[in-house]
Amino acid sequence: MGEPGVELRGVAKEFVDPAGKRVVAAEDVSFVVEKGEMVTLLGPSGCGKTTILRMIGGFEVQTRGDIFINGRNMGIRPPNARDTSMVFQSYALFPHLTIYNNVAYGLRVRRMPRAEVGRRVGAMVKVVGLEGMEDRHPGQLSGGQQQRVALARALVNEPAVLLFDEPLSNLDAKLRVQMRDEIRRIQRKVGITSVYVTHDQEEAVCISDSIVVMNRGRVEQVGAPREIYERPGTRFVAGFFGRVNFVPGVVESVRGDGGVVTLFGRRFEFTQPGHDF
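Predicted model, so just to flag it, every value in this text is computed and none were measured.

(A) Just the pairing of strand S12 (residues 258–263), in detail. Within S12, five of the six residues are buried, which leaves the element mostly enclosed by the surrounding structure. As paired strands, strand S11 (residues 250–255) and S12 are joined by five bridges and run antiparallel to one another. When the sheet's bridge partners are listed, Ser253 is paired in S12 with Val260. Between the antiparallel neighbours S11 and S12 lie two residues. Where S12 hands over to strand S13 (residues 266–271), the hairpin turn is made up of two residues, of which Phe264 adopts a positive phi near 55 degrees.

(B) Here's a closer look at the sheet that holds strand S10 (residues 218–223). Pairing in this open sheet of six strands is mixed, and the strands run S6-S7-S8-S3-S9-S10 from one edge to the other. Where the open sheet ends on each side, the last strands, each with one partner, are strand S6 (84–87) and S10. With strand direction ignored, the average angle separating the axes of adjacent strands in the sheet is 20 degrees. Looking at chain direction, strand S3 (residues 38–42) and strand S9 (residues 210–215) are connected through four bridges and run parallel. Paired with Leu42 across the two strands is Val213, which belongs to S9.

(C) Spatial organisation of unusual backbone geometry. The phi dihedral of Asn70 falls on the positive side, at around 50 degrees, and the residue is not glycine. Mapping Asn70 onto the fold places it in the loop between strand S4 (64–69) and strand S5 (72–73). Phi at Arg216 takes a positive value of approximately 55 degrees, unusual for a residue other than glycine. One can find Arg216 in the loop between S9 and S10.

(D) Seen up close, the packing of helix H4 (residues 143–155) against helix H5 (residues 173–190). Remark: H4 packs on H5, axes separated minimally by 11 Å, with the N-to-C direction vectors making an angle of 20 degrees. Considered as vectors, H4 and H5 are oriented roughly parallel to each other. In this structure, H4 crosses over H5, and the sense of that crossing is right-handed. The residues of H5 that touch H4, namely those facing Gly143, Gly144, Gln147, Arg148, Leu151 and Leu155, are Leu175, Gln178, Met179, Glu182, Ile183, Ile186 and Val190.

(E) Inspection of the pattern of salt bridges at higher detail. Under the definition given, this model contains 16 salt bridges. Close ionic contact of Glu3 with Lys35 constitutes a salt bridge, the shortest N to O distance being 3.2 Å. One end of the pair, Glu3, is in the segment before strand S1 (4–16); the other, Lys35, is in the loop between strand S2 (22–34) and S3, with 32 residues separating them in the sequence. With a relative accessible area of 41%, Lys35 lands in the partly exposed category. When salt bridges with common partners are traced through the structure, they connect Glu14, Arg22, Glu27 and Arg64 into a single cluster.

(F) The environment of Ser85, seen in detail. Checked against the element boundaries, Ser85 lands in strand S6. We classify Ser85 as buried; its relative accessible area is 11%. Taking the C-alpha atoms as reference points, Ser85 and Asn157, 72 residues apart in sequence, are found 7.8 Å from one another. Those residues in contact with Ser85 that lie beyond four places of it in its chain are Ala154, Asn157, Pro159, Val161, Leu162 and Leu163.

(G) Structural detail: the nonpolar core. Ranked by internal contacts, the top residues of the largest apolar core, which has 36 residues, are Leu151, Leu162, Phe164 and Ile183. At the level of elements, helix H2 (99–109), helix H3 (114–127), H4, strand S7 (161–165) and H5 are the ones that each hand at least two residues to this core. The biggest single contributor to this core is H4, with six residues. Apart from the residues lying within four places of it in its own chain, the contact partners of Ile183 are Met38, Leu151, Phe164, Pro167, Leu168 and Ile207. If you look at the next biggest cluster of nonpolar residues, it comprises 25 residues, including Ala26, Ile52, Ile69 and Met86.

(H) Spotlight on the state of the cysteines. In this structure the tally under the stated criterion is zero disulfides. Not engaged in a disulfide, the cysteine Cys47 finds its nearest cysteine sulfur in Cys206; these two sulfurs lie 19 Å apart.

Here is what the cut-offs are and how they apply
- Residues numbered from 1 in each chain as written.
- Predicted model: local features only at pLDDT ≥ 70, side-chain atom pairs only at ≥ 80, totals over all residues.
- Heavy atoms only, no water.
- Buried < 20%, exposed > 50% of the residue type's maximum accessible area, 1.4 Å probe, protein only.
- Helix = DSSP H or I, 4+ residues; strand = E, 2+ residues; numbered from the N terminus.
- Pairing = 2+ DSSP bridges.
- Axes fitted to C-alpha atoms, helices over the stretch in contact; angles between N-to-C directions.
- Parallel < 35°, antiparallel > 145°, perpendicular 65-115°, else oblique.
- Left-handed = near helix turned anticlockwise from the far one by under 90°.
- Contact = heavy atoms within 4.5 Å.
- Salt bridge = Lys/Arg side-chain N within 4 Å of Asp/Glu carboxyl O.
- Core = buried A, V, L, I, M, F, W, Y, C linked by side-chain atoms within 4.5 Å.
- Disulfide = S-S within 2.5 Å.

These figures come from the coordinates and say nothing about function on their own.
What follows is the structure in structure tokens.
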């Protein structure tokens, strides 16, 4: 196992709604993102995945548990005190600024020398494939191009961790596939630790080194895409992640690599090498 870039230990988040009722958005969430890895939080709407992402970025404060970035406990540090950058679903670009100035914004806030700003912005614009468009404004760009600007703006600050909050949900299907592949290419090229949120199973499979499947604020399973698809750990994961038929049956006996099960009144013996029951 590699060195942790992000680690959550027993993280929970509780809210109180306007009626005074306690709402649990996340409960006992623990997982590790290795340095340079792309991990996706996958689950249906309302499962807590965006809340977890916002807690990593410091936009929400956990009720319990600890969040570590590069081995340092973040405690309740605000977003500007964490070495993270967020790519939002809505792009969140400044409409009155050019591409160049949008990408340069964070560097200027940090009072970086002009020459260094120019070098970094030029290099990052090239990485995302927007050379020659530096003087355009967001309103002159397509949705995919705007998302590239948002990605460049996040990457140019060279954060330890890059956070993606469903960045492709506003794009059409064809462009979504194109940008999905582009994000993965850039993430691998730059080698940045990344946490990505989506409810789209295909997107998660194509973009991830590892997937954290969420349900009702809890982690159902963590694993590589193929592992989760072929060996779902719970009924929820099997139903959410793949196309399956659930068949009622009774397990009569088990052994290390198989067992005997009764289905539709008939007994079947089977083996599955490498799988422990």
